[in-house]
Structures are given as C-alpha cells and as structure tokens.
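Residue-level structural notes
So the chains spell out like this:
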Amino acid sequence: DAMVIQNPRYQVTQFGKPVTLSCSQTLNHNVMYWYQQKSSQAPKLLFHYYDKDFNNEADTPDNFQSRRPNTSFCFLDIRSPGLGDAAMYLCATLAGGRYNEQFFGPGTRLTVL
Amino acid sequence: RKEVEQDPGPFNVPEGATVAFNCTYSNSASQSFFWYRQDCRKEPKLLMSVYSSGNEDGRFTAQLNRASQYISLLIRDSKLSDSATYLCVVNALTGGGNKLTFGTGTQLKVEL
C-alpha cells in the first residue's frame, strides 16, 4: 500500500503559470519534506515541516511556498515557474528521532514550457 | 567543501565483483547515516542505515568512521539488478528537527 502519495506524477505548466504539487501520507509522521532533484544531482531540500512548524532552507527562492493544512497533507506552490524549475519534486516523511527512515513519495516530474 | 561528498562514478563492474563506495561528511554533529538506492527516474529508497559498529545485510556491508567522518558501502557478488545510483545521506538534528543531507550519489553499472 502506498504510504507517501504524490499527485500528479507528471505536471506540465507554462512559464510563469502558478502550479501546486500535492503530497499525502498515511504514516502519521510528524515531519514532511519537499526536495527538488535535477538530473544527475542530489535531492536538494527546499523546506520541511516539523508538525506545523515551517523550516525554510536559506537558499530556497521565494517563488517556492508550502502549506501543511493537517498532518496528512502538504503542498508545494510554485508561484511563477521558470525554465530552471523543471525538475523532479520529491516529498518525504519521517517519524522523528535519530535513526528513523525517511520515506519518499514517487515524485512529481515538472516540465515548464 | 560540500556537506556530503561522494565519487560520482560511474563504477562499471562485472557481475560477481565486489565494489566499495565511500562518502565523507563535514558536519561533525551528524548523528545518523544512511545509504539510499535510487533507480533512474524513481524516488530514493532506503538500502540500509549505518551504525557505529558497522552492519551487514546480505551482500551489503556498511561501515562508519566517526573520527574520519566517512561512511562506506561494500557490495559483494554484484548482480545486474544492483545497477543504480547509491546516495549517502547524513542526518543532523537541528532546531527545526531532523535535517537529512544527500550526497550527489555514486552510479554503479553491473555488466555481464
């Protein structure tokens, strides 16, 4: 059974047209992460939530916003996508603690035309 | 210096070979360590956690050297299905909770 679900799996948007990616989890984990991964690069952390506490990475552009209305759902909003924002966006969850595994969703591949 | 560094490879090895990957990290406050496997255009999946005493899971052995701040992964008797990118991941506990930092990955290609 899927534990971290991302929708859509593939998203095509136009330059400058806002887009929202969604992530849901059935694990009841208190930490949720959004990563951006470009080809042949490591996943790059954009931000994460520890419960309702939002933690933004210093180098995450203002163009990227996030919402977590409840434990199960987390959204990534890209306000004005540029060509450089085309990437795989990965959502992950973690139960907290030192050794707990991070569970990834299948990712949303974003194309910007 | 990158927070987590890996040799990107690719490592091209014949089936049945033994191959080892190393990873170094810069944050001495890092608390836990993992190896993830990522197949092409798929999400990363946990291969194994890395414990201070070293740990083994079948053909895979992970080692941690805190003094030198490096982690290793040894794969014995390589299979074609082991071909993937192996990501070294380091976890540090920050004020905002667990922060996991990924290396760029080491690409392994196992050939007949």
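See the structure printed just above.
Residues numbered from 1 in each chain as written. Chains lettered and ligands numbered in written order. Predicted model: local features only at pLDDT ≥ 70, side-chain atom pairs only at ≥ 80, totals over all residues. Heavy atoms only, no water.

Examining the sheet that holds strand S8 (residues 73-78) of chain A
Residue and element names in this part refer to chain A. Taken together, the 4 strands give an open sheet; going across it, the order is S1-S3-S8-S7, and neighbouring strands pair in antiparallel fashion. Here the strands that pair on one side only, and so sit at the sheet edges, are strand S1 (4-7) and strand S7 (64-67). Each strand of the sheet is rotated relative to its neighbour by a mean of 20°, with strand direction disregarded. Pairing of S7 with S8, which is carried by 4 bridges, proceeds in the antiparallel orientation. Among the inter-strand pairings, Gln-65 is bridged to a residue of S8, identified as Asp-77. (Pairing = 2+ DSSP bridges. Helix = DSSP H or I, 4+ residues; strand = E, 2+ residues; numbered from the N terminus. Axes fitted to C-alpha atoms, helices over the stretch in contact; angles between N-to-C directions.)

Observations concerning the sheet that holds strand S3 (residues 19-25) of chain B
All names here are of chain B. Spatially, the 5 strands line up as an open sheet ordered S1-S3-S8-S7-S6, and their pairing is antiparallel. Only two strands of the sheet have a single partner each, and these edge strands are strand S1 (4-6) and strand S6 (55-57). Each adjacent strand pair in this sheet contributes to an overall mean axis angle of 20°, direction not counted. Pairing between strand S7 (residues 60-65) and strand S8 (residues 70-75): 6 bridges, direction antiparallel. Residue pairing for S8: Phe-60 is matched across the bridge by Ile-75.

Digging into the state of the cysteines
Residues and elements named next belong to chain A. Considering all chains together, one arrives at 2 disulfides over all chains under this definition. The partner cysteine of Cys-23 in its disulfide is Cys-91, sulfur to sulfur 1.9 Å. Sign of the S-S torsion, about -70° for the bond between Cys-23 and Cys-91, identifies this disulfide as left-handed. On the criterion of sequence distance, the pair formed by Cys-23 in strand S3 (residues 19-25) and Cys-91 in strand S9 (residues 87-94) is long-range, its members being 68 residues apart. Taking relative accessible area as the criterion, Cys-23 reaches 1% and is therefore assigned buried. (Disulfide = S-S within 2.5 Å. Buried < 20%, exposed > 50% of the residue type's maximum accessible area, 1.4 Å probe, protein only.)

Details of the pairing of S8 of chain A
Residue and element names in this part refer to chain A. In terms of residue burial, S8 counts as a mostly covered element, since 5 of its 6 residues are buried. Bridge count between S3 and S8: 6 bridges; the pairing is antiparallel. Residue pairing across strands places Leu-21 opposite Leu-76, the latter belonging to S8. From the end of S7 to the start of S8, which pair antiparallel, there are 5 residues.

Notes on the interface of chain B and chain A
Taken residue by residue, the interface counts 21 residues in chain B and 25 residues in chain A. Interface area, chain B with chain A, both sides summed: about 1900 Å², of which 54% is carbon and sulfur. It is Arg-41, Asn-98 and Phe-102 of chain B in chain B that bury the most area against chain A; as a group they hold 26% of the surface buried on that side. Taken together, the links from chain B to chain A amount to 1 salt bridge. (Contact = heavy atoms within 4.5 Å. Buried area = accessible area lost by both parts, 1.4 Å probe. Salt bridge = Lys/Arg side-chain N within 4 Å of Asp/Glu carboxyl O.)

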